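One-letter residues, chain by chain:
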Amino acid sequence: MEWYLPVIWAGLIGTAVAMYVILDGFDLGLGVLFPIAREEEERDVMMNSVAPFWDGNETWLVLGGGGLWVAFPQAYAVIMPALYLPVIGMLLALVLRGVSFEFRWVAKPSHGMWDIAFAGGSIVAAFLQGVILGGLIQGIEVADGQYAGGAFDWLTPFSVFTGLAVVAGYGLLGTTWLIMRTAGPTQDLGRQYAPMLLALVLGAMVVISLWTPLTVDRIAARWFSLPNFFFLWPIPLAAAGVGYLIWRWLRAGREGLPFVGSIILFLLGYVGLVISTVPYLVPPHLTFWDAAAAPASQIFLLIGTVFLLPLVLGYTAFVYWVFRGKVSPGEGYH
Amino acid sequence: MEFDPVLLARIQFAFTISFHIIFPAFTIGLSAFIAVLLLLWTATKNDKFHRIARFWTKIFAVSFAMGVVSGIVLSYQFGTNWSRFSEFSGNVIGPLIGYEVLTAFYLEATFLGILLFGWNRFPSWLVTLSAVLVALGTATSAFWILSANSWMHTPAGHEVRDGIAYPLDWLQVVFNPSFPYRLAHMVNAAYLTTAVVVLAVGARYLLAGRHVEESHTMLRMAVGMIAIAAPLQLVIGDLHGLNTLEHQPVKVAAMEGHWNGEAPGDLVLFGIPDEEARTNHYAVVVPHLGSLILTHTLEGTYPGISDFPEEEWPPILNVFFSFRIMVGIGLLLIAVGFWGAYLWWRGRLFTSRWFLLSSSYMWPLGFIAILAGWFVTEQGRQPWLVYGLLRTADGVSPVPGASVASTLALFVFIYGIVFSMGIYYINRLINAGPKDVPIETPAGVPNRPLSAAEEAAREATGRSRGEGPGRPLSEPEG
Ligand code: HDD
Ligand code: HEM
Ligand code: HEM
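- Where an unreviewed UniProt entry is consulted, chain B appears under the name Cytochrome ubiquinol oxidase subunit I, with the organism given as Chelativorans salis.
- UniProt, in its Sequence similarities (unreviewed entry) section for chain B, records the words "Belongs to the cytochrome ubiquinol oxidase subunit 1 family."

- With an unreviewed UniProt entry as reference, chain A is termed Cytochrome d ubiquinol oxidase subunit II, source organism Chelativorans salis.
- Its UniProt record gives chain A the following Subcellular location (unreviewed entry) comment, quoted word for word: "Cell membrane".
- What UniProt states about chain A under its Sequence similarities (unreviewed entry) heading is, verbatim, "Belongs to the cytochrome ubiquinol oxidase subunit 2 family."

1. Considering the packing of helix H6 (residues 179-207) of chain B against helix H12 (residues 365-381) of chain B
Residues and elements named next belong to chain B.
Link 1 in the chain: Where H6 meets H12, the axes come as close as 8 Å, and the angle between the chain directions of the two elements is 160°. Relative to H12, the element H6 is oriented roughly antiparallel. Here Arg-182, Met-186, Ala-189, Ala-190, Thr-193 and Val-197 of H6 come into contact with H12, specifically with Gly-366, Phe-367, Ile-370, Trp-374 and Thr-377.
Link 2 in the chain: Here the residues of the contact of H6 with H12 are counted per class, giving seven nonpolar, three polar and one charged.

2. Topic: the coordination of the iron atom of ligand 1
Link 1 in the chain: Exactly one protein atom donates to the iron atom of ligand 1; that atom is His-20 of chain B (NE2), 2.2 Å from the metal.
Link 2 in the chain: Counting through the fold element by element, His-20 of chain B comes out in helix H1 (residues 5-44).

3. Some points on the site of ligand 3
All names here are of chain B.
Link 1 in the chain: Around ligand 3 sit 23 residues in total, of which Arg-182, His-185, Thr-244, Lys-251 and Met-326 are the nearest.
Link 2 in the chain: Within the contact set of ligand 3, an oxygen atom lies 2.9 Å away from a side-chain nitrogen or oxygen of His-240.
Link 3 in the chain: In this structure, Lys-251 approaches ligand 3 through a side-chain N or O atom, which is 2.7 Å from an oxygen atom.
Link 4 in the chain: Within the residue set of the shell around ligand 3, elements represented by two or more residues are H6, helix H7 (212-247), helix H8 (249-256), helix H10 (316-345) and H12.

4. Some thoughts on the pattern of salt bridges
Residues and elements named next belong to chain A.
Link 1 in the chain: Enumeration according to the criterion identifies ten salt bridges over all chains in this entry.
Link 2 in the chain: Asp-115 is the salt-bridge partner of Arg-43, the closest N and O atoms lying 2.9 Å from each other. With Arg-43 in helix H2 (residues 40-48) and Asp-115 in helix H6 (residues 112-138), this pair connects stretches of sequence that are 72 residues apart. Exposure class is identical for Arg-43 and Asp-115. Each is buried.
Link 3 in the chain: Across the salt bridge formed by Arg-104 and Asp-44, the nearest N and O atoms sit 3.0 Å from each other. Note that Arg-104 is positioned in helix H5 (residues 84-107) and Asp-44 in helix H2, a separation of 60 residues in sequence.

5. Describing the site of ligand 1
Link 1 in the chain: As a structural note, the neighbourhood of ligand 1 is formed by 25 residues, with His-20, Thr-27, Gly-71, Glu-108 and Ser-141 of chain B the closest of them.
Link 2 in the chain: What surrounds ligand 1 is not a single chain but chains A and B.
Link 3 in the chain: One of the side-chain N or O atoms of Ser-141 of chain B is found 2.7 Å from an oxygen atom in ligand 1.
Link 4 in the chain: Looking at the shell around ligand 1, the elements with two or more residues in it are helix H3 (54-71) of chain A together with H1, helix H2 (47-81), helix H3 (83-117) and helix H4 (124-153) of chain B.
Link 5 in the chain: Looking at the shell around ligand 1 element by element, the count peaks at eight residues for H2 of chain B.

6. Side note on the interface of chain A and chain B
Link 1 in the chain: Listed as interface residues are 75 residues of chain A and, on the opposing side, 85 residues of chain B.
Link 2 in the chain: Together chain A and chain B conceal approximately 7,200 Å² of surface at their shared face, both sides included; 73% is due to carbon and sulfur atoms.
Link 3 in the chain: At the boundary of chain A and chain B, one finds zero salt bridges.
Link 4 in the chain: Inspection of the chain A/chain B interface yields 15 residue pairs in polar contact (both at pLDDT 80 or more).
Link 5 in the chain: In terms of residue count, H5 of chain A provides more of the side of chain A that touches chain B than any other element does, 17 residues in total.
Link 6 in the chain: For the side of chain A that touches chain B, the per-class residue count stands at 51 nonpolar, 16 polar and eight charged.

About the criteria used
Per chain, residues are indexed from 1 in the order of the written sequence. Here the convention is simple: chains get letters from A, ligands get numbers from 1, in the order in which they are written. The predicted nature of this model means local features are confined to residues of pLDDT at least 70 and side-chain atom pairs, given and counted, to a pLDDT of 80 or more, with totals for whole chains, interfaces and linings taken over all residues. With hydrogens and water excluded, all non-hydrogen atoms of the structure serve as input to the side-chain values. UniProt positions are given in the numbering used here, feature names are shortened, and annotations may be inferred rather than shown by experiment. Axis lines are fitted through C-alpha atoms, for helices just across the contact stretch, and the angle between N-to-C directions can take any value from 0 to 180 degrees. The numbering of helices and of strands both runs from the N terminus, where a helix is a DSSP run of H or I of at least 4 residues and a strand a run of E of at least 2. Reported orientations rely on four angle classes, namely roughly parallel under 35 degrees, roughly antiparallel over 145, roughly perpendicular from 65 to 115, and oblique for the rest. Contacts are assigned to residue pairs with any non-hydrogen atoms lying within 4.5 Å of each other. Charged residues are taken to be Asp, Glu, Lys and Arg, nonpolar residues to be Ala, Val, Leu, Ile, Met, Phe, Trp, Tyr, Cys and Pro, and polar residues to be all remaining types, Gly included. Each metal's donors are the N, O and S atoms within 2.8 Å of it, or within 3.2 Å when it is Na, K or Ca, and because water is not part of the set, sites may look incomplete. The near set for a molecule or strand comprises every residue that places at least one heavy atom within 4 Å of it. Definition of a polar contact: a pair of N or O atoms within 3.5 Å, with one able to donate and the other able to accept a hydrogen when the atoms are protein atoms, and with sequence-neighbouring residues admitted only if both atoms are side-chain atoms. Salt bridge, as used here: a side-chain nitrogen of Lys or Arg that lies within 4 Å of a carboxyl oxygen of Asp or Glu. For every residue, the accessible area obtained with a 1.4 Å probe (protein chains only) is divided by the maximum for its type, and the residue is called buried under 20%, exposed over 50%, and partly exposed between those limits. Accessible area, probed at 1.4 Å, shrinks when two parts are joined; the buried area is that loss added up over both.

What follows is the structure, given as structure tokens:
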């Protein structure tokens, strides 16, 4: 019991983070694309395509963070102070973009400020999420179970690079979402920018795959030692294959498949990062087991999760389903 | 420059949570109000309920968005600002927050989409059901978060080993001694606060002679609610205070401005507590009434501030004055409830200019009382973070003061903008009113360059957009 509980929880939190990255990813991605869309009507359509979902999407962030606290209080208590500035910066950026969903509509016709807030907030939030990811992969200094580094330890060329990579990645999810869910000028916009963003994302994945093993021995050992090497090489290969497929689908004018492909690409990248860091929550100091909450606490919430998470997934799917179909200026909601 | 990280972390937390609670207080009440209106509409088929519900839904949407984004900040601040506290209490109150996310946040966030965007896409029963689920979600959220907060005031069902709290009995953790009182007091406060806002808006319309039918309904519902909830709040508050006397006597002593525990307590109506001299200046008191309220006998005694060592004192002045602000507003609202009920009974509720005029200015009262109440509760807990177990100074994160100071400045700046614009927009929505609003243009201005001619044609053909389908705030028009 004691042994696998933390593993179950790591899996659950990992799932929550993956859900967050995908769901809020395309949602933030629309903000990343906002500056490119110049027409008010296009921006309206872009926002409308996620307006009913954004709140639910962001709730996965609360589950990820809250879940970390519940299941691994020690890791939570180390990571948050270590990444204090980027975390607070990301939250503030999310404040600005979140309120823009409502403010932008009630402010019309003088909503320019909220266009900027939505785009700026989304881009900064995406960037800082990437920085947080990079900061975690690099490792965090810990002494006596407490964060022991400085205020800017997270700021390195690597974390800046992962930040930019996440912006591009969310942008890709955003463009493919637009291709799937809208028609007309916004769909064209998606089609126009998706190939470029795809190239950027694939390039970034290559760079990160080389950069991390070169700078972190632990990761090099994980990937390049035998027999791991033989089990793991299909992952980069699959990523390359999916990248190629997305490109083909875009060329062929497919509407839904590029989005599905982008999600798979994201998941592959995510799995790659997980493989690099497992079993550390706070590399290279705290593993799942070091940071685990009391078994009684993990069990107490696990019981609820077993029943509630499927329910949540069920009604989330239901709401996506009832709002299915194209959103475009010509053919609105009624 | 030197910064005191503990003080800064406290200020930052107090600032962000005070900002947050304003919106939950309103959305808990408003979601219930909207759900009731839609149920009434389903039952009576009277369209006025539908119009009122749609009108408040727009305001609800703006308030909800501000509540959500400020809440997400808070859930991370436990770790960023209070990491040692998070580690200490994670085993015990972490799961409560986890349950809040799973039972409440997903429910409200997901069905909100249908409530806001579903008016004309989905059958009315689905929208009504979503409104009920959203209301349920907000109340459930209050349940869990207040349970967590109450555990910090009256910890139970745990044991502390090696400086970490471990759960022993979940029922005792969740239903810790102060929780039932705090939950009842807070949820009732939310309904009361919302009722006062609805009252003020209805009164404003009636004074201006607008939206008469809707205002009558709003006024009746609000007055009914206040007449019941305001006296109830006094009763719950009294019980809450008795419970606090049992568990945190020094907090009650500070609230009462009661220094000497040997003598029976007077009720200090007003005064200025002096921590040096250990007495109240300019005090206006009702002799023995304090004892009567807290011990139910005229001569009963209960601990005074001087009975505790000074390092156990909360900030006396803040607790003392915040408490008077809250109770003062509570008494005022009881009076408003009775006055309104009396006028209603005499058939003058809609015509008494005095009542309407004074009501129209009352909308902020509930919010002020809620903030004051939380200041009593939270400052009264000082110097403890988890009462008797963890001191505030020991709960803070190892983060440099300069980081906290700079993010605090950012919070004040960004929240300042968001808050003032939010209030401004809500005010604009209220000015636009229930009926005047063309569907896609809540503030009376087209959302998108929809031609004026098109609008006029709709008007002319009598396809009143006010009645029809379409989600006002954010819908692309077809
Ligand atoms: C009595 C009620 C109450 C209190 C004391 C708090 N909240 Fe809150 N919170 C709510 C009642 C609420 C709500 C009614 O459920 C919200 C308000 C905004 C909204 O409108 O939903 C909400 C939203 C909300 C959200 C966003 C949920 C979403 O994604 O939909 C988070 C993460 C938090 N809160 C977290 C907190 C934390 C960490 C608090 C304390 C430190 C806190 N809240 C105090
Ligand atoms: C929602 C209404 C609330 C308000 C307005 C409020 C207000 C405050 C204030 C003013 C302080 C600073 C006290 C001081 O340092 O002098 C504070 C501290 C704190 N509160 Fe609350 N509070 C609320 C609810 C909660 C809830 C629900 C929780 C947790 C579940 C909570 C947890 C804390 C913590 C961790 C601190 C910091 C430590 C401390 O200073 O004691 N609060 N709050
Ligand atoms: C009418 C007389 C009232 C009395 C006797 C009263 C009593 C109390 C007491 C004793 C506390 C402190 C609880 C603690 O020990 O921590 C408290 C807290 C609080 N009060 Fe009141 N109250 C009254 C009116 C109101 C009103 C009108 C509102 C808001 C509309 C309100 C909102 C709150 C809130 C939000 C808290 C903090 C949360 C809690 O601890 O319950 N109160 N009240």
